[in-house]
Amino acid sequence: MDQIIIENLEIFGYHGVFEEEAFLGQKFIVDARLYLDTRPAGQTDDLTQSLDYGEVCQFIKKLVETERYMLIEKIAEEIASGLLLTYDLLQKVEITVKKPWAPVRVHLDTVAVRIERGWHTVYLSIGSNMGDKEGYLDFAIDRLNALPDTKVTEVSDYIETEPYGDVEQDNFLNGALKIQTLKSPEELLDTTMAIEQEAHRERIVHWGPRTLDLDLLFYDDQILGTKRLIVPHPEIEKRSFVLVPMAQIAPWLRHPVSKSTIKQLLEELNAEQ
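Residues numbered from 1 in each chain as written. Predicted model: local features only at pLDDT ≥ 70, side-chain atom pairs only at ≥ 80, totals over all residues. Heavy atoms only, no water.

(A) Summary view of the pairing of strand 3 (residues 92-100). The element strand 3 is extensively covered by neighbouring structure, given that 7 of its 9 residues are classed as buried. Pairing of strand 2 (residues 26-35) with strand 3 involves 7 bridges; the strand directions are antiparallel. What sits directly across from A32, in strand 3, is I95. (Buried < 20%, exposed > 50% of the residue type's maximum accessible area, 1.4 Å probe, protein only. Helix = DSSP H or I, 4+ residues; strand = E, 2+ residues; numbered from the N terminus. Pairing = 2+ DSSP bridges.)

Following this line, the structure appears as structure tokens:
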């Protein structure tokens, strides 16, 4: 991806854990590597098709000068999220915050923190089989869109499906979502669980009835396995209530493990059934 690079932006700020740092202030140096598609600007010579790096410098300068943080890690996070949320053309940023002559009682030139943050493409499965099913699904979409760092970009039709598993219960209403988010997989998991709780989800019976179910299906093309989260979701290829709505919004998305497209997975499942 193309980049706009800003190096050694000097800013005076009042950040640090010591009183004298907050009182006297000191110099900070910021580097920013901004990832976006510059081709439209290069073809048209139109600044509106790119980023005004002078404006970006002023944005960073104002943030560092007017806020007060204990840690340079926090400064870096605020710069990264601020830029990504302000400039729609940005896909990813690398931010380095340098603190020259940091007061650590040994001689050094600079201490620095470098982070990389960007938008992630995520697919979620949503379902409900209690109460106002459609209302609960709409509620989940509204709550995701209300987050400052997350936006729903595509929504499938809602389909009625029979319950999965051996628990006798009402039919489900299911769908699939495509979202863009700055959250990490674990952060997104915490968020979806909080939304489920807001919808009064109770985890009493495995595969039992629920007001709202939000499952993380794909997170970019990452393959993750932790105690809390497995991505891609381990049973995607077995579930028509996942594959049918996913085939509406992402038929050519490839499963990063099997390399099959969603359309192929659905065709294979239909053939088995």
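Following the structure, the description resumes.
(B) A look at the pattern of salt bridges. For the coordinates displayed, the defined rule picks out 14 salt bridges. Between K61 and E65 there is a salt bridge, and its shortest N-O distance comes to 2.7 Å. Of the two residues, K61 and E65 both sit in helix 3 (residues 53-66), 4 residues apart, roughly one turn of that helix. The class for K61 is partly exposed, based on a relative accessible area of 29%. Since its relative accessible area comes to 33%, E65 is described here as partly exposed. Residues participating in the shared-partner salt-bridge network are E186, D190 and R228. (Salt bridge = Lys/Arg side-chain N within 4 Å of Asp/Glu carboxyl O.)

(C) Spotlight on the environment of I11. Relative to the helices and strands, I11 is located in strand 1 (residues 3-13). On the accessibility criterion, I11 (3% relative accessible area) is buried. When the C-alpha positions of I11 and G131 are compared, they lie 55 Å apart, and in sequence the two are 120 residues distant. Setting aside residues no more than four positions away along its own chain, I11 makes contact with Q26, K27, F28, V30, I60, K61, V64 and E65. (Contact = heavy atoms within 4.5 Å.)

(D) Examining the packing of helix 7 (residues 240-249) against helix 8 (residues 262-272) more closely. Closest axis-to-axis distance for the helix 7/helix 8 pair is 9 Å, and the angle between their directions is 140°. As the angle between them shows, helix 7 and helix 8 are arranged oblique. For helix 7 against helix 8, the interelement crossing comes out left-handed. Contacts between helix 7 and helix 8 involve S240, L243, V244, M246 and A247 from the former and I262, L265, L266 and L269 from the latter. Each residue belonging to the contact of helix 7 with helix 8 can be placed in one class, and the counts come to 8 nonpolar, 1 polar and no charged. (Axes fitted to C-alpha atoms, helices over the stretch in contact; angles between N-to-C directions. Parallel < 35°, antiparallel > 145°, perpendicular 65-115°, else oblique. Left-handed = near helix turned anticlockwise from the far one by under 90°. Nonpolar A, V, L, I, M, F, W, Y, C, P; charged D, E, K, R; others polar.)

(E) Summary view of helix 5 (residues 133-145). Here helix 5 contains 13 residues, and its C-alpha end-to-end distance of 19 Å stays within 8% of the 18 Å for a straight helix at 1.5 Å per residue. Those residues of helix 5 lying buried are K133, L137, A140, I141 and L144. Projected down its long axis, helix 5 shows its buried positions confined to an angular sector of 95°, all on one face. In the core, the buried residues of helix 5 are packed alongside strand 5 (120-128), strand 6 (150-155), strand 8 (172-181), helix 6 (185-198) and strand 9 (213-219). (Expected span 1.5 Å × (residues − 1). Arc of directions from axis to C-beta.)

(F) Geometry of a nonpolar patch on the surface. Residues V17, F18, M70 and L71 make up a contiguous nonpolar surface patch of about 350 Å² in total accessible area. With respect to the helices and strands, the residue F18 is situated in the loop between strand 1 and helix 1 (19-24). Residue F18 is classed as partly exposed on the basis of its relative accessible area, which comes to 31%. (Patch = residues over 30% accessible without salt bridge, like charges linked within 9 Å, V, L, I, M, F, W, Y side chains within 5 Å. Areas by Shrake-Rupley, 256 points an atom, 1.4 Å probe, with all protein chains shown as cover.)

(G) Inspection of the side chain of T191 at higher detail. By secondary structure assignment, the location of T191 is in helix 6. In this structure T191 comes out as buried when scored by relative accessible area, which is 14%. For T191, the contacting residues outside a window of four places in its chain are L147 and K183.

(H) Broad picture of the pairing of strand 9. A large share of strand 9 lies buried, amounting to 7 of its 7 residues. Note: strand 5 against strand 9, 6 bridges, orientation antiparallel. Following the sheet pairing, G127 is matched in strand 9 by D213.

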